[in-house]
Amino acid sequence: MGKLAVQKYFAFMILIITVLMMIFTFVGLYGGNVNPAGNTARSLLVYALPVLIIGNAVLLIYWLVLRRWHWALMPLITLLCCIPYIGTIYQFGGLDESAEKQPGLKIATYNVALFGREASGFMAQDILSEMKKQKVDIACFQEYSDQSGDKKNSDSYKEYFPYMVMGQSDMVIYSRYPIVRSKNIPFEMTNNSAMWVEVKVEDKVIRVYNAHMETTGINTTMHRAAKTQINTGMDVEGNVLLRALYGNYTIGMMARAGQANVLAMDMRESEVPVIVCGDFNDVPYSYVYNTMLGDKVDGFKECGSGYMYTYRGGKKNVRIDYIFHDKAFKGLTYYKKELTYSDHYPVFMKIDINKPKAEE
């Protein structure tokens, strides 16, 4: 009798966990629809979605093993509702080689991490070689340094990319097509910024955005904690470190939300189709992702393949670099290259800018 009571109690507790997991997952799925300012806890659940999805999968297996079909419905329904989110980080299939051979505009976005502050310019030259290899038409670089970049390789960069515009601080856009207009978009109280250029491709004018959003602040906080420990010989208390990490992350999250709002307003004023590139420092389904995406198309969901992550710093393999495009265009290929010049991977996309009218 006691054993049966324990089993019932355990099953009841798992049921409670199932209900809570379902609630938290749905809150996370819609957490990116609200501005993080005043909705911090709800917004943070977006970042826990991978863990919540795994938890729901485990619970589904548990209830199926016990043959409790009615309870298994909860994690099953939750997982089915997560399919659109899963599609932002994983797509079945492989790279369509035939699509890569079709005519189109090749875009690249890459956080080059100041070219590793490498003074000789060799790293910048290697990156240019990769741009040539991938037949890139427009390249958007973030964390760019002209001291290690085109000033060391001015002739070779200009030979392949005849047109170039520098951003407000640490970004640049290179183009093989004429740039007819440009604009820098500084963000308040930060070194991060955005920019756009309008490029004339044959008879079309296209606006290309390059954005570098506020960082998370986690790496800076960890660096300061390590430096404090080295200088004082004292360990930083765990609760103090956690509060600092939480504070920096939420501040960065709200800063990125404001920056995304600024760019979304600017995009709405564009009279020509847009392509949006950059290091957003935020994950899919976040407020920043949703705001920047708007009514545009996420290139990876359209024509990407496999598991997509673009940041490789530490053990955090997450997708924070993106290419979106106007619905007037059609994506052909979307992929990253696992280069080791930066803590980010470059993302490449080929876009058909002459989408047939029937498909619009």
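Residues numbered from 1 in each chain as written. Predicted model: local features only at pLDDT ≥ 70, side-chain atom pairs only at ≥ 80, totals over all residues. Heavy atoms only, no water.

Draft legend 1. Just the overall build of the protein, in detail. When you go through the protein residue by residue, the secondary structure sums to 12 helices and 14 strands. Across the 360 residues in the protein, those meeting the buried criterion constitute 50%. Considering only contacts in the protein between residues 6 or more positions apart, those separated by 24 or more positions represent 71%. Accessible surface, the protein as shown: approximately 18,100 Å² in total, 59% of it carbon and sulfur. (Helix = DSSP H or I, 4+ residues; strand = E, 2+ residues; numbered from the N terminus. Buried < 20%, exposed > 50% of the residue type's maximum accessible area, 1.4 Å probe, protein only. Contact = heavy atoms within 4.5 Å. Areas by Shrake-Rupley, 256 points an atom, 1.4 Å probe, with all protein chains shown as cover.)

Draft legend 2. Spatial organisation of the packing of helix H3 (residues 49–65) against helix H4 (residues 69–81). Running from N to C, H3 and H4 cross one another at 155°; their axes reach a closest spacing of 8 Å. As summarised for this structure, H3 and H4 are arranged roughly antiparallel, according to the angle between their axes. Considering the relative orientation of H3 and H4, their crossing is left-handed. Of H4, the residues touching H3 (which contributes Ile53, Asn56, Ala57, Leu59, Leu60, Trp63 and Leu64) are Trp69, Trp71, Ala72, Pro75, Leu76, Thr78 and Leu79. A breakdown of the residues in the contact of H3 with H4 according to their chemical character gives 12 nonpolar, 2 polar and no charged. (Axes fitted to C-alpha atoms, helices over the stretch in contact; angles between N-to-C directions. Parallel < 35°, antiparallel > 145°, perpendicular 65-115°, else oblique. Left-handed = near helix turned anticlockwise from the far one by under 90°. Nonpolar A, V, L, I, M, F, W, Y, C, P; charged D, E, K, R; others polar.)

Draft legend 3. Representation of the nonpolar core. Grouped together as the largest cluster of nonpolar side chains are 39 residues, with contacts concentrated most on Tyr209, Met213, Leu263, Val276, Phe280, Met292 and Phe324. Considering each element in turn, this core owes the most residues, 6 residues, to H3. If we ignore the near neighbours within four places in the chain, the residues touching Met213 are Phe187, Asn192, Arg256, Gln259, Ala260, Leu263, Asp279, Phe280, Asn281, Val288 and Met292. In terms of nonpolar packing, the next biggest core, distinct from the first, is built from 26 residues, Val199, Ile206, Ile275 and Ile323 among them. (Core = buried A, V, L, I, M, F, W, Y, C linked by side-chain atoms within 4.5 Å.)

Draft legend 4. Seen up close, the pairing of strand S14 (residues 347–352). Of all 6 residues in S14, 6 are buried; the element is thus mostly enclosed. Here S14 shows two buried faces, one formed by Val347, Met349 and Ile351 and the other by Phe348, Lys350 and Asp352. Direction of pairing for strand S2 (residues 105–111) relative to S14: antiparallel, over a ladder of 5 bridges. Within S14, the position partnered with Thr109 by the bridge is Val347. Taken together, the 6 bridges between strand S13 (residues 330–336) and S14 define a ladder with antiparallel strand orientation. Residue pairing across strands places Thr333 opposite Lys350, the latter belonging to S14. (Pairing = 2+ DSSP bridges.)

Draft legend 5. Region of interest: the pattern of salt bridges. Inspection of the entire model under this criterion finds 8 salt bridges. Of the charged contacts in the structure, one is a salt bridge between Arg207 and Asp266, with a shortest N-O distance of 3.6 Å. Of this pair, Arg207 sits in strand S8 (residues 204–212) while Asp266 sits in helix H10 (residues 238–268), and the two are 59 residues apart along the sequence. We note a salt bridge from Asp282 to Arg256, for which the minimum N-O separation is 2.9 Å. Taken together, the residues Asp282 in the loop between strand S9 (274–279) and helix H11 (287–293) and Arg256 in helix H10 connect sequence positions 26 residues apart. Using a relative accessible area of 3% as the deciding quantity, one classes Asp282 as buried. A single salt-bridge network, built from bridges that share partners, covers Arg181, Lys183, Glu198, Arg207 and Asp266. (Salt bridge = Lys/Arg side-chain N within 4 Å of Asp/Glu carboxyl O.)

Draft legend 6. A look at the packing of aromatic side chains. Following the criterion strictly, the structure yields 21 aromatic pairs and no others. Ring geometry for Phe115 against Tyr144: centres 5.9 Å apart, planes inclined by 75°, an arrangement best described as edge-to-face. Placement of the pair is Phe115 in the loop between S2 and helix H7 (122–133) and Tyr144 in the loop between strand S3 (138–142) and helix H8 (154–160), with a sequence separation of 29 residues. Overall, the relative accessible area of 0% leaves Phe115 in the buried class. With centroids separated by 5.0 Å and ring planes inclined at 45°, the aromatic side chains of Tyr307 and Tyr309 adopt a geometry described as tilted. Look at Tyr307 and you get partly exposed, because its relative accessible area is 43%. Among the aromatic residues, those joined into a ring-pair cluster are Tyr110, Phe115, Phe141, Tyr144, Tyr157, Tyr160, Phe161 and Tyr174. If you follow Lys336 out to its NZ or CZ, it ends over the ring of Tyr309, 4.3 Å from the centre. (Phe/Tyr/Trp six-rings, centres within 6.5 Å; stacked < 30°, edge-to-face > 60°. Lys NZ or Arg CZ within 6 Å of the ring centre and 35° of its normal.)

Draft legend 7. Focus on the sheet that holds S14. Taken in spatial order, the 6 strands of this open sheet run S4-S5-S3-S2-S14-S13, and their pairing is mixed. On the outer flanks of this sheet lie strand S4 (163–166) and S13, each paired with one strand and no other. Strand-to-strand twist in this sheet, taken as the mean axis angle between neighbours without regard to direction, amounts to 15°. Alignment of S3 against strand S5 (residues 171–175), held across 5 bridges, turns out to be antiparallel. Of the residues in S5, the one forming a bridge with Gln142 is Met171. Sheet contacts for H7: S2, S3 and S14; angle to S3, the most-contacted strand, approximately 145°.

Draft legend 8. Seen up close, H7. Helix length check: H7, at 12 residues, gives a terminal C-alpha distance of 16 Å against a target of 16 Å (1.5 Å per residue), a fit within 8%. Taken residue by residue, H7 has Met123, Ala124, Ile127, Leu128, Glu130 and Met131 as its buried positions. One face of H7 carries all of its buried residues, which in axial projection span an arc of 155°. For H7, the exposed residues lying more than 90 degrees away from the buried face are Phe122 and Lys133. Just downstream of H7 lies Lys135, where phi reads positive at about 55°. (Expected span 1.5 Å × (residues − 1). Arc of directions from axis to C-beta.)

Limitation: the analysis is restricted to geometry and does not speak to function.
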